[in-house]
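Each chain is listed here by its residues.
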Amino acid sequence: MLFSKILTSRSVTSCHVISNISRTLQHQTSTRKSTETYPTQNRKPKFDSIHFEESVKPYAEDVILENQYEKLSNMILPLASFSYDEQLKIKQDMIEQSFDQIGRAILWDKRIDSQVLKYVEFQQGPFCHVEPIIPSPLIEHYRSKDDLSCGFGVDGQKTVGFYISPLNNKAFPNTLCIPPTHLKSMKPKHILVTKHFDQFLKQHPLSVSENTNVIKKDQYWRTMTLKSNVHDHLMMIVVVHPQSLSKNEIDQMKKDLVNYFTDGSGRECEVNSIYFQLCTQNRFTSEENPFELIHGDEFIYEVYNDKKFRISPESFLQVNQKGAEVIYRSTLDHAQIDENTILLDIGSGIGVNSILASSIAKKVYAIDPLTMCIEDGKFNAKLNGCQDNIEWICGFAEVHLHRILKKIGDLHGNNTRIVAIINPSRYSLTNNIISALRGLSSIQQILYVLCKTDKQIMHNFYELAAGERSKLKQTGGPLIPTNIYPVDLLPHTTHTEFIVKCIRV
C-alpha cells in the first residue's frame, strides 16, 4: 500500500500508525461503519452528483411546449423530486465523500509534514470531520437573486429565462430559452417581474440575443438580473448590446422599459430600481460598462443578523437571506474572535463578516478587488455605527497581504492572534497568499467559506498542509482542515455552502 510505504520511509511503525490513522479518519470523515483501512483507490460515492445531473440534464432536441418546465426544473433543481430529508442525506454524503478524498490526498502527499502525521496518528483533534448539515430555514421561494438571459422559447417567441442547449449543434442549431416561472426556488415577486419582462420583450420592436455568448447582428436585449431583499424591495438590472444604435435610439429603449414598469402593465410589480447597462462583451466590469440608474432608488437594503446592508448593482448578494444569516453566524462562532483577535476578511464583499466582527475584534482588515464592494462596505460600517477599527482595502490579497501582515507586526507585535476568513468564490488563493498565511505564525486559524470543492480548492488545501516544498519557499507550520460545517443554502440543488476550519499544527 502506498500510504504504508510513505510511513515506512519516515521510520515509523507502519502497522501501528496505519491502524491509528485509519481508525481516526473512519470515525471523523464519515458515518461509515466499515473497519477497512485507507484503501489505495477512491471509494465510489454513494451519490454521484455529476452522473445524476447528467442523467436528468435536458437537451434542446427533447424540449417541447408540454414538457419545457419539467425539463428546466430537472436542470436547475435536480433534487426537487426528492423529499427535503432525502436531499439533506444526499448532500451530507457528497460532502463527506469530498473531504474523505481531500484527507486522503493530504496524507498521501509525499511532501506531508511530520506534524500532520503526528496530529492524526495520536488523534490530537479532528481531521476532515464533517458535521451534520444545517437545513435551510426556507425550502421554497428563497432566491434573493436571479440571473436570467433573453432568448427565443420553444414557440419561437422572444422570452427571458434559462438556456437549454442542443446536444448536436449542427442537427439542432437553436439554443432554447425557457421561462423560470414554475421553479419552486423563485420568489413570487421575481416570478411576477419575469412574466412582465417577457411580455415587454414580446411587444418591443427590437430583437433579443439567441445566445449571450454569441452575439449576432440586430440582437439587442441580453440579460436581466433581479435582486430583492427580505421586504421584497426589488432591483432590476437589464443588459443590452448597443449594436449600431444611435444615442437617441438607446435612450428610447430606456424610456420604453421605464414606461412599461411605471405606467404600463408592469407597474403592478412595484420595481424599486431599474438599472441599464450597455455591453458589447461577454465578460465586463462596471468600470468598463457603467450601470446607469434609469428609475427609482440607487440602492436597496438587506438585513443580516440584525444589521442593515446597502446593496448596489455590483454588490455580492447571498441567494438565500435566511440561510446566509446561519452562515455568517456560524463563521464568526467558529472563528472564536475576542478582543485580542485581528481578523483578515479576504474577499469581504459588502462587509458582512467585517461589520459583525468589528464589535468584538481588536482590528479588522477587509480586502476585496471590487471598488463598489469596498464603497458599500464603508457605507455599511457607518450605517451600523461600527467603531473605527475596520480598514478597507481595495485590491487583490496577493498585492496587499504582505504589507498588512508587516503592519500588524509593527503595530501589535508578532504574537498577536490572527484569524483569516476567506471566501474563494470571490477570491481564489494564489501560492503567494498561501505562503504569507503559512509564514506568519500568528495566524493560528483559517475559516474557508466554500460552495464547491474543485481542483483549485483542493490544491489550496494541499499547499496549506504540505511539508517540504520543491517550488514554493514557505515557512511556518502547516494548516490542516479539521472541521467542516455544511449549511444548505440552495434546497433542491446538489450545491451546499460550508465552512472549513483549518488550524495550525
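The shown structure was predicted, so the numbers you read here are calculated from the model rather than taken from an experiment.

Engineer: Give a description of the overall build of the protein that names residues and reports values.
Structural biologist: When its secondary structure is counted, the protein shows 14 helices and 17 strands. Per-residue burial over the protein gives 57% buried out of 505 residues. Element-wise, carbon and sulfur atoms account for 50% of the exposed surface of the protein, whose accessible area totals about 22,300 Å².

Engineer: Quick one: what's the story with helix H11 (residues 371–383), residue by residue and with numbers?
Structural biologist: In a regular helix each residue adds 1.5 Å, so 13 residues correspond to 18 Å; H11 covers 18 Å between its end C-alpha atoms and thus fits that length. Along H11, the residues that are buried comprise Cys-373, Ile-374, Asp-376, Gly-377, Asn-380 and Ala-381. Looking down the long axis of H11, one finds its buried residues gathered within 160 degrees of arc, a one-sided arrangement. Structurally, H11 contributes buried residues whose contacts are with strand S10 (307–311), helix H10 (352–358), strand S12 (363–368) and strand S13 (390–394).

Engineer: Could you give an account of the packing of aromatic side chains, naming the residues involved and the relevant values?
Structural biologist: Applying the stated criterion across every chain, the model contains 12 aromatic pairs. With centroids separated by 6.4 Å and ring planes inclined at 85 degrees, the aromatic side chains of Phe-197 and Trp-221 adopt a geometry described as edge-to-face. With Phe-197 in helix H7 (residues 188–203) and Trp-221 in strand S5 (residues 221–228), the pair connects residues that are 24 residues apart, well separated along the chain. No difference in accessibility class separates Phe-197 from Trp-221, as the two residues are buried. Relative to Phe-261, the ring of Tyr-260 has its centre 5.1 Å away and its plane inclined at 75 degrees; by these criteria the two rings are edge-to-face. Residue Tyr-260 is classed as buried on the basis of its relative accessible area, which comes to 7%. Here the aromatic residues Phe-197, Phe-200, Trp-221, Tyr-260 and Phe-261 are joined through ring pairs into a cluster of three or more. The residue whose ring lies beneath Arg-310 is Phe-379, and the NZ or CZ to ring-centre distance is 4.3 Å. Geometry around Tyr-365 places Lys-363 over its ring, the cationic atom sitting 5.6 Å from the centre.

Engineer: I'd like to hear about the pattern of salt bridges, residue by residue, with values.
Structural biologist: Across all of its chains, the model carries 10 salt bridges by this definition. Measuring nitrogen to oxygen at the nearest pair gives 3.0 Å for the salt bridge that ties Lys-247 to Asp-251. Pair noted here: Lys-247 and Asp-251 are both in helix H8 (residues 247–262), with a separation of four residues, about one helical turn. Residue Lys-247 is classed as exposed on the basis of its relative accessible area of 62%. Asp-251 sits in the partly exposed class, given a relative accessible area of 28%. Residues participating in the shared-partner salt-bridge network are Lys-247, Asp-251, Lys-254 and Glu-292.

Engineer: Any details on the sheet that holds strand S16 (residues 479–487)? Residues and values, ideally.
Structural biologist: What the eight strands build is an open sheet, ordered S1-S16-S17-S15-S14-S11-S12-S13; its pairing is mixed. Bordering the open sheet on either side are strand S1 (129–130) and S13, each of which pairs with just one other strand. Across the sheet, helix H9 (residues 321–335) is in contact with strand S14 (417–422), strand S15 (443–450), S16 and strand S17 (497–504); its angle to S15 comes to roughly 165 degrees.

Engineer: Tell me about the packing of helix H5 (residues 84–108) against helix H14 (residues 455–465), and please be specific about residues and values.
Structural biologist: Remark: H5 packs on H14, axes separated minimally by 10 Å, with the N-to-C direction vectors making an angle of 40 degrees. What the angle tells us is that H5 and H14 run oblique. By crossing handedness, the relation of H5 to H14 is classed as right-handed. For the pair H5 and H14, contact is made by Phe-99, Ile-102, Ala-105 and Ile-106 and by Met-458, Phe-461, Tyr-462 and Ala-465, respectively. When grouped by side-chain class, the residues that make up the contact of H5 with H14 number eight nonpolar, no polar and no charged.

Engineer: Talk me through the environment of Val-319; I want residue IDs and the actual numbers.
Structural biologist: As for its position among the elements, Val-319 is in the loop between S10 and H9. Judged by relative accessible area, which is 18%, Val-319 ranks as buried. In this structure Val-319 touches Tyr-142, Arg-143, Ser-144, Lys-145 and Leu-490, once residues within four positions along its chain are discounted.

Engineer: Pulling in residues and values, what's your account of the side chain of Lys-158?
Structural biologist: Tracing the chain through its elements places Lys-158 in strand S3 (residues 158–164). Of the polar contacts made by the side chain of Lys-158, one reaches the backbone oxygen of Leu-201; its length is 2.7 Å. Within polar-contact distance, the side chain of Lys-158 engages the backbone oxygen of Leu-206 at 3.0 Å. Beyond its immediate chain neighbours, meaning those up to four positions away, Lys-158 contacts Gly-151, Phe-152, Asp-198, Leu-201, Lys-202, His-204, Pro-205, Leu-206, Ser-207 and Val-208.

Engineer: Lay out the pairing of S13 with the relevant residues and their values.
Structural biologist: Burial analysis of S13 places four of its five residues in the buried class, the great majority of the element. As paired elements, S12 and S13 share five bridges and run parallel to each other. Note on S13: the bridge partner recorded for Tyr-365 is Glu-391. In terms of handedness, the path from S12 via H11 over to S13 forms a crossover that is right-handed.

Engineer: Give a description of the UniProt feature "active site" (unreviewed entry) in the protein that names residues and reports values.
Structural biologist: The feature "active site" (unreviewed entry), as given by UniProt, occupies Cys-451 in the numbering adopted here. Tracing the backbone shows Cys-451 in the loop between S15 and H14.

Engineer: A description of unusual backbone geometry should follow, citing residues and the corresponding values.
Structural biologist: With glycine set apart, most residues show a phi of negative sign, and most peptide bonds adopt trans. Backbone geometry places Gln-123, a non-glycine residue, at a positive phi of 50 degrees. Along the chain, the position of Gln-123 falls in the loop between helix H6 (114–121) and S1. Judged by its relative accessible area of 41%, Gln-123 falls in the partly exposed class.

Engineer: Outline the confidence of the model for the protein, supporting the account with residue identities and numerical values.
Structural biologist: As a note on interpretation, predicted positions should not be read in detail where pLDDT is low. Looking at the protein, the pLDDT average stands at 84 and 85% of residues meet or exceed 70. Ranking the helices and strands of the protein by mean pLDDT puts H7 first, with 98, and helix H1 (residues 2–9) last, with 37. Scored below 50 in pLDDT, residues 1–44 shows 81 contacts in the model against residues more than four places distant or in partner chains.

Engineer: How would you sum up the nonpolar core? Please name residues and give values.
Structural biologist: With 80 residues, the main nonpolar core has Val-193, Phe-197, Trp-221, Met-224, Met-236, Leu-257 and Phe-261 as its most contacted residues. Two domains each donate at least three residues to this core, and these are domain 1 (129–134 + 320–504) and domain 2 (145–303). Among all residues touching Met-224, those that are not within four sequence positions of it are Asp-146, Asp-147, Leu-148, Val-160, Val-193, Thr-194, Phe-197, Met-236, Ile-237 and Val-238.

Conventions used here
Residues numbered from 1 in each chain as written. Predicted model: local features only at pLDDT ≥ 70, side-chain atom pairs only at ≥ 80, totals over all residues. Heavy atoms only, no water. Helix = DSSP H or I, 4+ residues; strand = E, 2+ residues; numbered from the N terminus. Buried < 20%, exposed > 50% of the residue type's maximum accessible area, 1.4 Å probe, protein only. Areas by Shrake-Rupley, 256 points an atom, 1.4 Å probe, with all protein chains shown as cover. Expected span 1.5 Å × (residues − 1). Arc of directions from axis to C-beta. Contact = heavy atoms within 4.5 Å. Phe/Tyr/Trp six-rings, centres within 6.5 Å; stacked < 30°, edge-to-face > 60°. Lys NZ or Arg CZ within 6 Å of the ring centre and 35° of its normal. Salt bridge = Lys/Arg side-chain N within 4 Å of Asp/Glu carboxyl O. Pairing = 2+ DSSP bridges. Axes fitted to C-alpha atoms, helices over the stretch in contact; angles between N-to-C directions. Parallel < 35°, antiparallel > 145°, perpendicular 65-115°, else oblique. Left-handed = near helix turned anticlockwise from the far one by under 90°. Nonpolar A, V, L, I, M, F, W, Y, C, P; charged D, E, K, R; others polar. Polar contact = N/O pair within 3.5 Å; in protein donor to acceptor, adjacent residues only side chain to side chain. Right-handed = clockwise from strand over helix to strand, strands pointing away. UniProt positions renumbered as here; feature names shortened; annotations may be inferred. pLDDT = per-residue confidence, 0-100. Core = buried A, V, L, I, M, F, W, Y, C linked by side-chain atoms within 4.5 Å. Domains from an automatic or database assignment.

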